[in-house]
Structure formats: structure tokens, C-alpha cells
Amino acid sequence: MTFCKAFTGIFLFLVTILISFSVQAQPVKLSGTITDRQSDEPIPFASIAFATNKGTLTDTAGRFSFTFPKGLSDTLRITSVGYKPVLLPLADLKDSIILNIKMDVAATSKEAIVKVKYDRALWLWKRIISHKKLHDLTNYDNFSYEVYNKLELDINNVNKEKLAEKKLFKSFSFVFDNIDTTETRPFLPVFLTETLSDFYFQQSPRKTREIIKASYTAGIKNESVTKLLGATYQNVNVYRNQIPVFDKQFTSPFNDNGDNYYRFKLLDTQYLGNKRLVHLGFTPKRPGENTFDGDCWIVDSSYAIQKITLRPSGNANINFVQNLTLIQEYRLIDDTTWFLSKDKFVVDISPLGKSLTGFKGRKTSTYRQVVINSRQTINQLAQNKKPEEVVVLPASEEKPRTYWDTSRHDELSKNERAIYKMIDTIQSMPNYKRYLNAANFLGTGYYNMGKYQIGPWFSWVSANAWEGTRVRFDLGTNGKFSKKIYLHSYLAYGFLDKKMKGFGEVFYLPKKNPRFYLYGSYSDDLDRGQHYYDQTSADNILTFAIRKQRVPRKFQRLIEKRFEIYRETNKALSFLLEVTSRQFEPLLNLPEKALFKGNINGEALNSFETSIRIRYAYLEKFLENNLFRTSLGSEQPIVQIRYTKGWSGVLNSSYNYHKVSGSISDYVNTPPFGYVYYNLFAGKIFGTLPYPLLEIHPGNEIYYYNKYAFNMMNRFEYISDQYAGFNLEHNVGNGLFKFLPLTRKLKFRQFYAAKGVVGSLSNKNQALNFVGIQSFKSLNKKMYLELGTGVDNIFKFLRIDLVWRVLPTPTAYETAKRFGVFGSFKLSF
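Rules of the game
Residues numbered from 1 in each chain as written. Predicted model: local features only at pLDDT ≥ 70, side-chain atom pairs only at ≥ 80, totals over all residues. Heavy atoms only, no water. Helix = DSSP H or I, 4+ residues; strand = E, 2+ residues; numbered from the N terminus. Buried < 20%, exposed > 50% of the residue type's maximum accessible area, 1.4 Å probe, protein only. Contact = heavy atoms within 4.5 Å. Areas by Shrake-Rupley, 256 points an atom, 1.4 Å probe, with all protein chains shown as cover. Phe/Tyr/Trp six-rings, centres within 6.5 Å; stacked < 30°, edge-to-face > 60°. Lys NZ or Arg CZ within 6 Å of the ring centre and 35° of its normal. Expected span 1.5 Å × (residues − 1). Pairing = 2+ DSSP bridges. Axes fitted to C-alpha atoms, helices over the stretch in contact; angles between N-to-C directions.

(A) Highlighting the overall build of the protein. Scanning the protein from N- to C-terminus turns up twelve helices and 42 strands. Considering the protein as a whole, with its 829 residues, one finds that 47% of them fall into the buried category. The contacts in the protein between residues at least 6 apart in sequence include a share of 62% that link residues at least 24 apart. Total accessible area on the protein is roughly 42200 Å²; 59% of this is exposed by carbon and sulfur atoms.

(B) Expanded view of the packing of aromatic side chains. Inspection of the entire model under this criterion finds 41 aromatic pairs. Considering the side-chain rings of Tyr239 and Tyr330, the 6.3 Å spacing of their centres and the 70° angle between planes classify their relative orientation as edge-to-face. Placement of Tyr239 in the loop between helix 5 (223-228) and strand 11 (242-245) and of Tyr330 in strand 17 (residues 321-332) is noted, with a sequence separation of 91 residues between them. Taking relative accessible area as the criterion, Tyr239 reaches 3% and is therefore assigned buried. Pairing Tyr667 with Tyr675 gives two aromatic rings, centres 6.0 Å apart and planes at 50°, and the pair type is tilted. Residue classification places Tyr675 among the partly exposed residues on the basis of a relative accessible area of 26%. Clustering of aromatic rings is evident, with ring pairs tying together Phe143, Tyr145, Phe199, Phe201, Phe339 and Tyr367. In this structure, Arg629 packs its charged tip against the face of Phe622, placed 3.7 Å from the ring centre. In this structure, Lys645 is placed above the aromatic ring of Trp647, and the distance from its NZ or CZ to the ring centre is 4.2 Å.

(C) Fine view of helix 9 (residues 430-444). Under the 1.5 Å per step criterion, the end-to-end length of helix 9 is 21 Å for 15 residues, consistent within 8% with the ideal 21 Å. Just past helix 9, the residue Gly445 takes up positive phi, approximately 95°.

(D) How the structure looks around the sheet that holds strand 4 (residues 63-68). Within the open sheet, the three strands sit side by side as 4-1-7. Their pairing is mixed. Across the chains shown, the open sheet's two edge strands, defined by having one partner strand only, are strand 4 and strand 7 (97-103). On average, each strand axis in the sheet is inclined to that of its neighbour by 25°, with strand direction left out of account. When strand 1 (residues 28-36) meets strand 4, the two strands line up antiparallel, connected through six bridges. Note on strand 4: the bridge partner recorded for Lys29 is Thr67.

See below:
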């Protein structure tokens, strides 16, 4: 009994010691996430280890967790292929901790190239290429999915203290509470938009349909922006040969000829479920080309991409982009099909410099409810009235917060939730509206005052040889006045000719889709005698300072009454009917009106005409506001034809005539050599007419380059009654400049241009127009040709054109210059 008590005592003592040791040796848990600093994207299969080799790997979501003895002092080393290692000293750890570690992308190293007989990485790339058609989702007969899009815009590099001290921002002090300082570059969220859509695709005949079920925007509210941010226009397909990055085409690592542009390297192998993944890295072979650095995970049984990360190479010719990451993830939806599940695009834009305030954009798309080769998809697409259709459901912008809480694919972050409240508050503040109006006034020239607007300010004061100093004042309506009607007029006065001029117009838009409008205008002002796209306004004060010297100025007055009816169809066709009455009066360096009074019944230089224009633009995209829109281009050439009939005896008109004209134009991507713009045009005029009613070939008398005019030709220099011509420009990109380190660093760009026209003028029209002051010429069935080249993207906004007038060959009396240097401004990525 005594032994039992003694044994029990010893046992309890030993248990107490064991418990004590156990408590002292209780392990500490270390967990957290590893993410990319620029994109916030989790880094899978990163290595986290102590110097004593105790560690683990992150999972596919970038998470990790492991334990170690309490009281450990060691250095934690985090490594991942393509990233700079992170060393984190940890001393005397006694409690479990959670770490959120951000890693920076490592600079591309110049490794020695070792030639081998058998390159396993290149072999794997070739297998991926041979299986591309199996995994490219656009090769399926049809598919559908639900897509959630989220776009956030932040101002980064924000100095909270300095901004808060400025008087301009005093009333917005509450905004600075939302500045996120958890990153090395503090940022202020300012814009967020979300859309939830059902998307349908059919390969043959190719059709797409997107139904936007819900949309919410904190910031700009515009239906066309909502459409452009949906799934229809935002898909990036890494299996395609070219990948668009803003307005540039980058060569994909899975281009059919990608081995000519990239070096490939096997980095690692891991398992996801029971699938073996191979980690493949790629780097550009040559500097200065629009290619990517990055890596991807490949399923070795099917050669499908499971995840890919793309970053433009350091020497890529793209402006203002400090950092950019494009990430796509795919998931297995059946035994063999890997379908896109996540698409993320993150960009840092620094227009003023790396260390100064810029912008950060984040766009994330997630895809659920994927259905492949379904009859239901075909039935949905059968509702389309045109091949590509985006439908915004009624009340889609009025969904309550509770709807979004249950419908969005991912929960909003703290910053994203703060944006809604912050922007709603800002937009209701009077100061915000005043500052927004001021910024709009400086940028566009127009200033809003309630339901009306004035401007543009750059037309208020100008000067020319006929009017001397000219002042002008415009008044128009804005979207607050009406959603369907626009009114605008101006008055102008010249202090030399002491004449008042004016203009008024009415625009009525009863239907937006398909578009239908009515338009009427009246003008009494000076006329330039030629009209073409991108024409610099005569009222712009800057044109006076850059005008060509020793070129006679030509002026004429025009009184014009115009009425238009425009109708668009769902078949890419549009029709424009015009009725126009014009009265011309030559003023300076043009044949006098009295010279054209013979053998006519009405008033000289008076015309009345009707015309119809038919235009074909397949799947043309637009950026729209309440009434007006700007074309973003078409996937195919834009074709226009026009017929005009002149009627004598109507409103004192004097001429019967017929005009037929047509054009075809397009922008054609020619990667990796930039893009080509072309415009082919021709026309014929039937009748004996004075010069204002003939074809006046567009010239340019200022040193600001015009893409759509003949820059070495003067205004009113050549006239024709039949003509055919072309306008061709090839923007190569960096071209030859990529071979020189300095010009490659400066991101200079190269281009070539050629413009030509062949024209003729009948004997009758020559006899009528070549009178008085000899200011006209006929090409006499010869070609006018000018060729150009130059340097674009100087300081990221300046373009210099060198233009040669090649044809026609100059005569002994030719005085026109044969060479000119022109400048222009353009901001582009």
C-alpha cells in the first residue's frame, strides 16, 4: 500500500514534468499569404523556409501555414521563380503570427545561352502550339457563361500631408481618410464600376450576345462605357498570335512563330489535385520588341494552360506604363476542358514620371456557370438583330446593395467598399462640381452653366488677313436641357471687315438604337472651300502663328441652309439624306462673282442640291454621351458612296448637275510592324460648274500636319471634275529605332506616308473657271504625289513630318515648295 502511494506520487510528479515540458515546447504557428506587389495576385508554390530548412510551399491561392518550436530566432526566406527573394528576420517567436508578404518582380537576367541538341522547354512549347485549337475557347461551336467585371481606378503616389495643406483640397479633407498606406506607394481609390452579365458565343456564323443584368458605377455613369466594360469588348485570348495592350499589339508567347521571339525555360513541376503541372518561363529574345516577360503553368497531360502571367518586357515601346500585369487562370469544367475562370489586368500609369502622382487601374473578371455546346445558347443568339449585340436590361443600374452582396462573385475589399461612400459624398458637394467644370473647361474648351454651355475658349479670339482680329461667342445646350434635343449658335465679328457672322443649328435624336436623327442649320460666315476630317479650325488662334509664308490668303463668304435625316439599320448600314442651299461670294484672291454671271438663269454661285450617302461599317463601336458619339472604329473596312443632284431654279439656284463619289478606308494591324491606315477615294461630277461646286483637293497652308490633306498643296490650288486617289500611312512602331540604345530608350517611333490623286477638268469647266485671277490648276490626268516620313512619339506627344512633293514634275515657272517640315501633337500609349 505504501509502495502504491509512492508509485502514484512519482507518476504524478513525472506527469507534471511532462506537462511542463509540453507547455514549454508548444509549437508556434506561422501562416499568411504571398502576393505580387503590383497586381496583388497570389503567388502559388512559393517557398517559405527558415535557414534551418524548416518550411513549406504556398498553395494555389498563395497561402501557407506551418509550425515551429516556441522561442525560435531565425531568418525566414521567401523565394519564387521570377521574383526577388525576401528575407525576414524573426527573433524569439513565442506567439503565432500571420504575415502578408508582397514580392517584387526580379529584373530579367542576362543568362548565358547554351545550345543543346534537345531543348525540353522548346519541346513543351511546340506541344502547346500543336494543341492550341483544342483549348482556344473560340473554337467551340458555342458556349455561354455568367461574367462578373470589376474595374477600379486609383490615384497612386499620393502625399496625404501635402495635399491636405492645399487650399484647393481643404473641403475634401475627409477623402484622405481613404488613402491606403499599406503599400510602398500610397493610393487613393476614386472610381469603381461593377457589371454582371450573361454572355453567349457562337462560332459559325459568328455571333455574340451579352445581357448586362446589373451595373453599378461610383463615378462616371454612361451606358456606352458600361457596354465597353462588359465581356464583349474586354476578352483577351492568350492562345491568339497577338494580344492587345491598350492600342498596341503584343506578340503572344504562344504565337505560332513564338520561338522566333521568345526563349523558354522549364522552372518547376507541382501537382494540383491529381494533375501534374509544369512551370514554363519565357523571356524576349531581343530588346525593343513588343513582347512579354512571364511564366505559365501547363497541364502536362493535355498541354492546356492552367495559369499564365504576362508583363510587357522592359524595352517594349509603350508610353506612360510603369508596370502592367495580365493574369489568366483556367479551371477544369469536365474531364478534359480547361475554361477561363479568372482574368485580371493591373496597370500603373505614370504620365508625369515614376515618382510623381499617377494612376493605378485594376480590372478583374470572373467566369461562372459555363455551358459548352448547348442548344440554349443558340436560342439566345437567335434573338440577335446584328452579329454582335450588347443589351442593357432596364433598371440594371438600380439594383440594391443586397442584390450585389449575393450576386457578385467576390466580396469587395475594404478599399472598394469605401469608394462607394466616398464618391457618392464627393459628387454631392458644390465645390466638386465647380472644380469638375473648371477642369472640363480647360481640357475641352467648354464650360457648363446649368442647362447651357459656352465655348470653346480657343475660338474666342483669332486673326486673319480679311477680318483682322476676330472675336466669337458660342452658346449651346447640354444634357440637362434635354436628352433628345441640342441647340447651338455663335456670333462672330471681324474688326477689319466690320462684318457680323453667325451660325445656328438644331439636332433632334428621337431614337438612339438603331440611331435616327434630324438636323438643321443656318450659317453665314467665311468658308474654307474644303471640308475633311481633323481639319484645324480657322478660329483657332494658334493657326495664325504657324501659317506658311508667301502663300496668298484666299477667302470667300458662304451662306448655307442645311437639313439632314439620318437613319441607321441593324445590318451595319446607315443612310443620310441631305438638302442644302448655298450662296458663295468670293472675297480675296479668288475669281470675282461677276465673272460667273453669263448663261445662267438664277444667281451666280448659288446652288441647291439633294444628296444621299450610304455607309457600311461592320460592328462599328462608339463612345457615346446623351446625344453625340465618337467612333472607335470597325473590324472591317468602312465603305461610303454618295450621290448628289443639283437643281436649278430652286431658291434662286443656277446649276443642274450630278455628283457621284465613294471611298473605302480601314486601319489594318500588321504586327509586329505596327498598323497601316489607308483611304481609297474617287468621284465624278457631271455638269459645267463654277469652282465652289467642283472637287477642290484639300491643301494645307499651315505647318501643323494634317493626316487627311495634301500638306504640300495649297488651298484652292487644284480643282477637278473627276478624280481618284489614295492616302496611305504605315506606323511601324519603333522600327529602326529599336537597334540604337538611345532611341530605343526614348521610345521614338517610325512611320511612312504616301498620298496621291489623279484628276482632270473638262474643257468647259476650264473655260469657265480659269478666268480673272489665275488661282486654279488642273492635274490634266496626271498624278499629284507626296511622300513623307519622320519621327513620332518625341517626348511622348510630338510628331515631326518630313514631306516631299514628288509629282507632278515642276515646270520652269513652278514656284511651289518641294519639301516641308510639319509638326503635330498626339497622345497615345
